[in-house]
Each structure stands twice: as structure tokens, then as C-alpha cells.
Amino acid sequence: MVSRALGNLRRFLKPTDEVSQLGNRNAQVIAVTAQKGGVGKTTTAVHLATGLAMFHKKRVLLIDMDAQGHVEKSLAQDMPDQRHSESMGELLLKKNRDLYEIAAPTKIDDLWVVASDRNLNETETMLSTRIGKELMLRQNLAVARTHFDAIIIDCPPNLGNLTLNALVAADQVLIPCDMSVLSLDGVSSIVETVATVQDMLNPTLGLLGLLRTRLDRRNITMNRTIEDTLRAEYGDFLLDSVIGVSTAIAKAQLAGKSVFHYAPKNQGSKAYKKLADEVSALLSSSAKPVTPS
Ligand SMILES: Nc1ncnc2c1ncn2[C@@H]1O[C@H](COP(=O)(O)OP(=O)(O)OP(=O)(O)O)[C@@H](O)[C@H]1O
Ligand SMILES: [Mg+2]
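Given the structure is predicted, the values throughout are model-derived calculations rather than measurements.

Thresholds applied
Residues numbered from 1 in each chain as written. Chains lettered and ligands numbered in written order. Predicted model: local features only at pLDDT ≥ 70, side-chain atom pairs only at ≥ 80, totals over all residues. Buried ≥ 20, exposed ≤ 12 C-beta atoms within 10 Å, placed from the backbone. Helix = DSSP H or I, 4+ residues; strand = E, 2+ residues; numbered from the N terminus. Contact = placed C-beta atoms within 7 Å. Near = placed C-beta within 6 Å. Axes fitted to C-alpha atoms, helices over the stretch in contact; angles between N-to-C directions. Parallel < 35°, antiparallel > 145°, perpendicular 65-115°, else oblique. Nonpolar A, V, L, I, M, F, W, Y, C, P; charged D, E, K, R; others polar. Pairing = 2+ DSSP bridges.

**Brief notes about helix H7 (residues 161-169)**
Turning to step 1, where the next piece is worked out: Along H7, 9 of the 9 residues are buried, which leaves the element largely enclosed by surrounding structure.
Turning to step 2, where the next piece is worked out: Those residues of H7 not exposed but buried are Asn161, Leu162, Thr163, Leu164, Asn165, Ala166, Leu167, Val168 and Ala169.
Turning to step 3, where the next piece is worked out: Residues of H7 that are buried in the fold lie against strand S1 (28-32), helix H5 (120-127), helix H6 (136-140), strand S5 (150-154), strand S6 (172-178) and helix H8 (181-200).

Written out as C-alpha cells, the structure is:
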């Protein structure tokens, strides 16, 4: 009796909005996340996305899940001229809609964005009342996944509902870690959260790696201590690429461009290109075949 009643309920629901056409790609979704603020999440998400598009000819979607909207500021010179009338927050709260509907091409070939919106914090609060609140982004990316090779998500500096949604939607997690003692605490919290999400909500979630960021090579002893701790605890997950402190990276962000465009020969540019190369190789080794959804 129960199953008959449930089966019949769908006919009382209004017809759903039409979902965009499926493509023929199968994106790997990477959440760039860390609990600690200011460790280089946005800088890494922006340069990984741009680097994969520029140097590896991948079609990439960069999603800004942080209400601060720093992706848009970092790429201000290359953002699409027009914004969609609907915001990400509105879409996340609707069923049978897809972020592909509001993705827009940037002025950089093969790089698309879904911009943040200032109301994302309210969306986060509203999400907490929804059934299946952790699954909204995953559902809202079903079509987008088929149009891109990689989807990079810049997460906010906390482990709230938006980060949780990113972890449930992701295939891989990339954790930037600046070379400070406080950052080490943040790494263990996020790794614990990733493990919990893996156990309960997304069994195929993988850890792509830990990225050392904002390394000041003058702090030899401190760097050695932190690196030894990271290596002892996370071993192979420590990526080979290391991002040093670079004023060109900070100035590029101020100018609203990637460092690849602002100062292509700078060490910061070379370091982020190396990260894009390393991640591209890791993604190829874990690539999944296209499966019809
Ligand atoms: N390698 C670097 N060298 C110099 N400055 C950097 C570097 N990486 C990031 N920055 C600067 O540090 C600041 C914080 O970086 P970013 O915004 O990427 O961190 P975040 O983790 O996203 O911060 P939030 O937690 O606020 O989202 C920015 O002003 C950025 O320009
Ligand atoms: Mg940020």
C-alpha cells in the first residue's frame, strides 16, 4: 500500500523546468577547499582552472561558491560582459535546474565561470531546511558535467553547507596549505571531513593532494618542520608543486588578471603552470569513461 501511494504522488507535482541538453564530456570535479582563511584557495582555484584551459586545452568550468566573490575580482579583466539574471543561490534551491544554464564563457579560451552571488550566505541558511541539503549541487551539476573536462570549485573558508555540497559533488579534493602551524590544524579538520563525506555521502570522493602555498623560502627551519609534519601525516598526498610567495601573484589579482597573463615569466606563473601540469597528469591517470546519465 505504501509503495502504491508513493508511486502515485508524482502526478500531483507540477511539470519540472526543461533541463538543458546533455553534452558528451565527463568532467572531473575538483573542490579546492581548506578550513583556514587566506591560504590561497581562490588563487589556486583560479590558476588551476586557467592553467588547465590554457596549457592543456581542457574545457573548464570554474565555480565560485564563496559569497566574497573573489573569483570575479581575480579575473575581472576576463569575466563575461553580461551576467545571467538568475543567480547561483536561486538555482541551488531549485530542483531540476542545472548550473550549466548560468555558466558563461570568459575571455580566456575554454574557460567558463559560474559567478558567486552576495546572497549565497542566505542560500546556505535556507539549504539547511531542505531534505537532501547536501546533494543540491551534485544534482545541479549533472548537465554541466557533460559539457566540460574539468569543473573547479572555489569553496568558502568554513565547513558549512556550501562546502559540504561541494564535497558531495566532487570527485577529488585539493587542499591548499600555507606553511603555518595554524594551517596544519585546518588540514587535519578538512581531511577528517573529507573522510566522513566519503563514508556517508560520496564513497568515490578522492584526495587529489595537499598543495603547499605561500611558501617563504627564507623561513628555512619553520618550512622544514611543517613539511616534515605534512609528509609524516599525509605522505604521498603532498603534491610536488609548491607555490612560493610572489608579489606578482598578489599584483595580478589586484589587476584582475591571472598571473599567466600579468607576468608570464614570473616564478609564480611557472609554479602555477607546474601545478596545472601535475593535476592534468593525475586526472588522466584517474579518468573515468563517459557514462550515460
Ligand atoms: N603565492 C602567493 N604569493 C603572494 N600572495 C599570495 C599568494 N597566494 C595568495 N596570495 C594573496 O593572499 C591573499 C589570500 O589569497 P586567497 O584569496 O587566494 O586565499 P583564500 O584561501 O581564498 O582566502 P579566503 O579564505 O578569504 O577565501 C590574497 O590577497 C592573494 O593575493
Ligand atoms: Mg577565497
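The discussion continues.
**Topic: the site of ligand 1**
Turning to step 1, where the next piece is worked out: Taken together, 20 residues are adjacent to ligand 1, and Gly37, Lys41, Thr42, Thr43 and Pro157 come closest.
Turning to step 2, where the next piece is worked out: Looking at the shell around ligand 1, the elements that each hand over two or more residues are helix H2 (41-56), strand S7 (206-215) and helix H10 (247-255).

**Considerations on the packing of H2 against helix H12 (residues 267-285)**
Turning to step 1, where the next piece is worked out: Closest axis-to-axis distance for the H2/H12 pair is 9 Å, and the angle between their directions is 75°. Of the possible angle classes, the one that applies to H2 and H12 is roughly perpendicular. On the side of H2, the interface is formed by His47, Leu48, Gly51, Leu52, Phe55 and His56, while H12 contributes Tyr272, Lys273, Leu275, Ala276, Val279 and Ser280.
Turning to step 2, where the next piece is worked out: Looking at the contact of H2 with H12, its residues break down into 7 nonpolar, 4 polar and 1 charged.

**A word on the environment of Ile30**
Turning to step 1, where the next piece is worked out: The residue Ile30 is located in strand S1 in this model.
Turning to step 2, where the next piece is worked out: For Ile30, a count of 26 C-beta atoms within 10 Å corresponds to the buried category.
Turning to step 3, where the next piece is worked out: When the C-alpha atoms of Ile30 and Ala49 are compared, they prove to be 9.9 Å apart, with 19 residues separating the residues in sequence.
Turning to step 4, where the next piece is worked out: Other than its neighbours up to four places away in sequence, Ile30 contacts Ala150, Ile152, Ile153, Ala170, Gln172, Leu174 and Leu208.

**As for the pairing of S1**
Turning to step 1, where the next piece is worked out: Where burial is concerned, most of S1 is hidden: 5 out of the 5 residues are buried.
Turning to step 2, where the next piece is worked out: Residues Gln28, Ile30 and Val32 of S1 are buried on one face, and the alternating residues Val29 and Ala31, pointing to the opposite face, are buried as well.
Turning to step 3, where the next piece is worked out: The pairing of S1 with S5 spans 5 bridges and is parallel. Across the sheet, residue Val29 finds its bridge partner in S5, namely Ile151.
Turning to step 4, where the next piece is worked out: Relative to S6, S1 runs parallel, the two sharing 3 bridges. When the bridges of S6 are listed, Val32 appears paired with Leu174.

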